[in-house]
Amino acid sequence: TTSEKRQRVVVLGSTGSIGANTLDVLARHPQRYECLALTAMSRVQELAQQCRQWRPRFAAMPDAAKATELRALLRADGLNTEVLEGPAALVELAQHPDADTVMAAIVGAAGLAPAVAAARAGKRLLLANKEAVVLGGRFFMQAVREGGATLLPIDSEHSAIFQCLPQDPSTWAQRIDHIVLTASGGPFRQRDPQTLKDVTPEQACAHPNWVMGRKISVDSATMMNKALEVIEARWLFDLKPEQIKVLIHPQSVIHSMVVCRDQSVLAQLGTPDMRVPIAYGLSYPERIESGASALDLLQCSQLSFEPADAHRFPGLHLSWQALRAPEGATAVLNAANEEAVAAFLAGRLRFDQIYNVNHGALTDIAPSPDEVDSIEGLMGLDERVRAHARAVIARVGAA
Ligand code: NAD
Ligand code: MG
């Protein structure tokens with residue numbers, strides 16, 4: 001209601017796919033939410049346009065030259081948005097005393113430090129940035145607990161699981177037998193595995209059901225996205241690796257399922273639209289209008305399921321391998337994958353070689369305990385793995 005204080009929202013990664021969807025939901029509820037800060041990596045013009053529309057108190061860009069450019073654009077428009085610069089600015093905004101809610105929608109390991117800052121500051125933390133929890137693991141979840149943050153999953157599968165569970169997390173272990181993460185299978189579900197070596201970045205980014213950033217699109221094509229989601233689920237719901245199953249469901253109508261002790265199966269359904277989990281994260285435990293269109297079950301007369309083909313999608317199984325290895329292995333997998341995907345998108349690595357880089361890193365690199373118990377340790381490990389992966393890519397990568 002208008003008499004209540006509006007929630008002040010920081011959108012980290014506002015120019016991305018999740019960022020834009022977040023602003024779309026916020027725009028539907030001006031009496032409930034206001035935008036305290038917007039941040040982006042590279043698209044200055046787009047961020048400037050968002051600032052004109054939202055008039056946030058702060059904007060931030062990690063790159064100082066870009067921040068200067070943004071400052072000039074906003075000054076010319078007479079806006080009094082304060083433009084911050086440097087990676088530390090993202091941390092500062094994530095823990096800002098005036099922020100109630102932080103949308104963590106940065107892609108990749110760069111999102112870890114701000115997500116941890118929001119967690120420690122006890123914010124309502126909307127977590128889209130799955131790489132942060134895959135890299136941060138136990139350390140990240142500990143920051144959430146110690147900070148008293150409210151962690152709300154934005155990944156559609158994890159939001160689905162969360163929506164199928166009672167509010168009190170202390171009841172989860174008792175009731176969950178296992179969970180089933182659904183996967184669309186991406187653009188290559190039916191492509192001849194022999195030809196996957198010829199896949200181009202454009203083909204990999206053409207997802208049948210979702211429009212997303214390029215990194216997650218490639219991850220969906222290799223099913224490394226599902227691998228990261230298995231690891232994400234392990235931490236968000238405190239599950240054992242064997243309690244997490246994956247099923248291909250090409251229609252993306254069932255977003256995931258909880259199989260309870262008594263074999264009752266709970267599922268969350270909807271049209272594939274990220275505004276649903278985003279709206280739930282913003283309004284939890286209430287529900288608000290998201291802008292998504294209604295699910296017409298008569299239009300989806302067929303809901304089908306297939307096992308994930310280990311031959312076609314070898315990367316998927318690296319998640320369970322990493323979860324069973326000593327702590328830090330999931331960080332290794334994530335870092336190798338980020339480098340491999342970047343190299344693939346830049347034309348320096350073949351699609352099928354992404355798996356080799358990821359598998360090789362898991363085999364070659366043993367994290368030490370002091371690399372997993374602080375931001376500095378984790379970011380050091382992340383960089384160590386990237387350097388290793390870059391060397392491998394330079395050696396084996398497609399010319
Ligand atoms: P995107 O590439 O569209 O957007 C990424 C955003 O992060 C941009 O605003 C970019 O400027 C910013 N950014 C990139 N690198 C940065 C860095 N080093 N430092 C600071 N900011 C940086 O990506 P997306 O599709 O919106 O995905 C964002 C996150 O949400 C990813 O972790 C992804 O896995 C997750 N996610 C996305 C979807 C989806 O439908 N797009 C679904 C589930 C989960
Ligand atoms: Mg997902």
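Since the structure is predicted, the reported quantities are computational estimates derived from the model, not experimental observations.

K.L.:
Summarise the overall build of the chain; cite the residues concerned and give the values.
P.N.:
A tally of regular secondary structure across the chain gives 16 helices and eleven strands. A compact globule built from 399 residues should have a C-alpha radius of gyration of about 21 Å, and the chain, at 20 Å, falls within 12% of that. With respect to the three principal axes, the spread of C-alpha positions in the chain is 55 × 50 × 40 Å. Across the chain, the fraction of contacts at a sequence separation of at least 24, relative to all contacts at a separation of at least 6, is 70%.

K.L.:
Provide a residue-level description of the packing of helix H10 (residues 214–222) against helix H11 (residues 224–236), including the pertinent values.
P.N.:
Interhelical geometry of H10 versus H11 gives an angle of 95° and a closest axis separation of 5 Å. Taken together, the axis directions place H10 and H11 in an arrangement best described as roughly perpendicular. Counting all contacts with H10, which are made through Ile216, Asp219, Ser220 and Thr222, the residues of H11 involved are Met224, Asn225 and Leu228. Partitioned by chemical class, the residues of the contact of H10 with H11 number three nonpolar, three polar and one charged.

K.L.:
I'd like a rundown of helix H16 (residues 375–396), residues and numbers included.
P.N.:
The terminal C-alpha atoms of H16, which comprises 22 residues, lie 31 Å apart, in line with the 32 Å expected from a rise of 1.5 Å per residue. Regarding H16, the residues found buried are Leu378, Leu381, Asp382, Val385, Ala389, Val392 and Ile393. Angularly, the buried residues of H16 cover 105° about the axis, an arc narrow enough to put them on a single face. For H16, the exposed residues lying more than 90 degrees away from the buried face are Glu376, Glu383, Ala387, Ala391, Ala394 and Arg395.

K.L.:
Account for the UniProt feature "binding site: Mn(2+)" (unreviewed entry) in the chain, naming residues and giving values.
P.N.:
The UniProt record marks Asp155, Glu157 and Glu229 with the feature "binding site: Mn(2+)" (unreviewed entry), using the residue numbering of this structure. These residues run over 75 residues, yet every pair of their C-alpha atoms falls within 8.2 Å of each other. Judged by local crowding, Glu157 falls into the buried class, with 27 C-beta atoms found within 10 Å. Discounting chain neighbours no more than four positions away, the residues touching Glu157 are Leu181, Thr182, Glu229, His255 and Ser256. Take Glu229: it is sitting in helix H11. Leave out the neighbours within four places in its chain, and Glu229 touches Lys130, Asp155, Glu157 and Leu181.

K.L.:
I'd like a rundown of the site of ligand 1, residues and numbers included.
P.N.:
What surrounds ligand 1 is a group of 27 residues, the closest being Gly13, Gly16, Met41, Ala110 and Gly213. Of all the secondary structure elements, the ones that give two or more residues to the shell around ligand 1 are helix H1 (17–27), helix H6 (130–147) and H10. Per element, the largest residue contribution to the shell around ligand 1 is three residues, and it comes from H1. Here the residues of the shell around ligand 1 sort into 13 nonpolar, ten polar and four charged.

K.L.:
Please give an account of the pairing of strand S11 (residues 265–269) that cites residues and values.
P.N.:
Sheet topology note: the strand S10 (residues 254–260)/S11 ladder contains five bridges and is antiparallel. The partner of Val259 across the bridge, within S11, is Val265. Where S10 folds back onto S11 in an antiparallel hairpin, the turn is made up of four residues, including Gln263, whose phi is positive at roughly 75°.

K.L.:
Go over the nonpolar core, please, and point to the residues and values.
P.N.:
Counting 126 residues, the largest nonpolar core has Val10, Ala104 and Leu125 as its most contacted members. Look past the residues within four positions of Leu125 in its chain and what remains in contact with it is Val102, Ala104, Ala115, Ala118, Ala119, Ala149, Thr150, Leu151 and Leu152.

K.L.:
Residue-level account of the UniProt feature "domain: 1-deoxy-D-xylulose 5-phosphate reductoisomerase N-terminal" (unreviewed entry) in the chain, with values.
P.N.:
Taking the numbering used here, the UniProt-annotated feature "domain: 1-deoxy-D-xylulose 5-phosphate reductoisomerase N-terminal" (unreviewed entry) corresponds to residues 9–137. For residues 9–137, helix accounts for 47% and strand for 21%, while the C-alpha atoms at its two ends are 25 Å apart.

K.L.:
If you had to explain the sheet that holds strand S8 (residues 176–183) to someone new, which residues and values would you point to?
P.N.:
The strand order across the open sheet built from four strands is S9-S8-S10-S11, with neighbouring strands paired in mixed fashion. At either margin of the open sheet sits one strand with a lone partner, and together these are strand S9 (244–248) and S11. On average, each strand axis in the sheet is tilted by 20° relative to the strand beside it, whichever way the strands run. In the packing of helix H7 (residues 156–163) onto the sheet, the strands contacted are S8, S10 and S11, and the crossing angle to S10 comes to about 40°. Sheet contacts for H11: S8 and S9; angle to S8, the most-contacted strand, approximately 155°.

K.L.:
Residues and numbers for helix H15 (residues 353–364), please.
P.N.:
Helix length check: H15, at twelve residues, gives a terminal C-alpha distance of 16 Å against a target of 16 Å (1.5 Å per residue), a fit within 8%. Residues of H15 that are buried include every one of Gln353, Ile354, Tyr355, Val357, Asn358 and Ala361, and no others. Buried residues belonging to H15 abut H10, helix H13 (318–324), helix H14 (329–345) and H16.

K.L.:
Go over unusual backbone geometry with me, naming the residues and quoting the values.
P.N.:
Pro285 follows Tyr284 through a cis peptide bond whose omega is 5°. Of note, the phi angle at Arg55 is positive, near 45°, even though the residue is not glycine. One non-glycine residue, Gln263, lies in positive phi territory at about 75°. Within the secondary structure layout, Gln263 lies in the loop between S10 and S11. In this structure Gln263 comes out as exposed when scored by C-beta crowding, with 7 C-beta atoms within 10 Å.

Cut-offs applied
Residues numbered from 1 in each chain as written. Chains lettered and ligands numbered in written order. Predicted model: local features only at pLDDT ≥ 70, side-chain atom pairs only at ≥ 80, totals over all residues. Helix = DSSP H or I, 4+ residues; strand = E, 2+ residues; numbered from the N terminus. Rg over C-alpha atoms; globule rule 2.2 N^0.38 Å. Contact = placed C-beta atoms within 7 Å. Axes fitted to C-alpha atoms, helices over the stretch in contact; angles between N-to-C directions. Parallel < 35°, antiparallel > 145°, perpendicular 65-115°, else oblique. Nonpolar A, V, L, I, M, F, W, Y, C, P; charged D, E, K, R; others polar. Expected span 1.5 Å × (residues − 1). Buried ≥ 20, exposed ≤ 12 C-beta atoms within 10 Å, placed from the backbone. Arc of directions from axis to C-beta. UniProt positions renumbered as here; feature names shortened; annotations may be inferred. Near = placed C-beta within 6 Å. Pairing = 2+ DSSP bridges. Core = buried A, V, L, I, M, F, W, Y, C linked by C-beta atoms within 7 Å.

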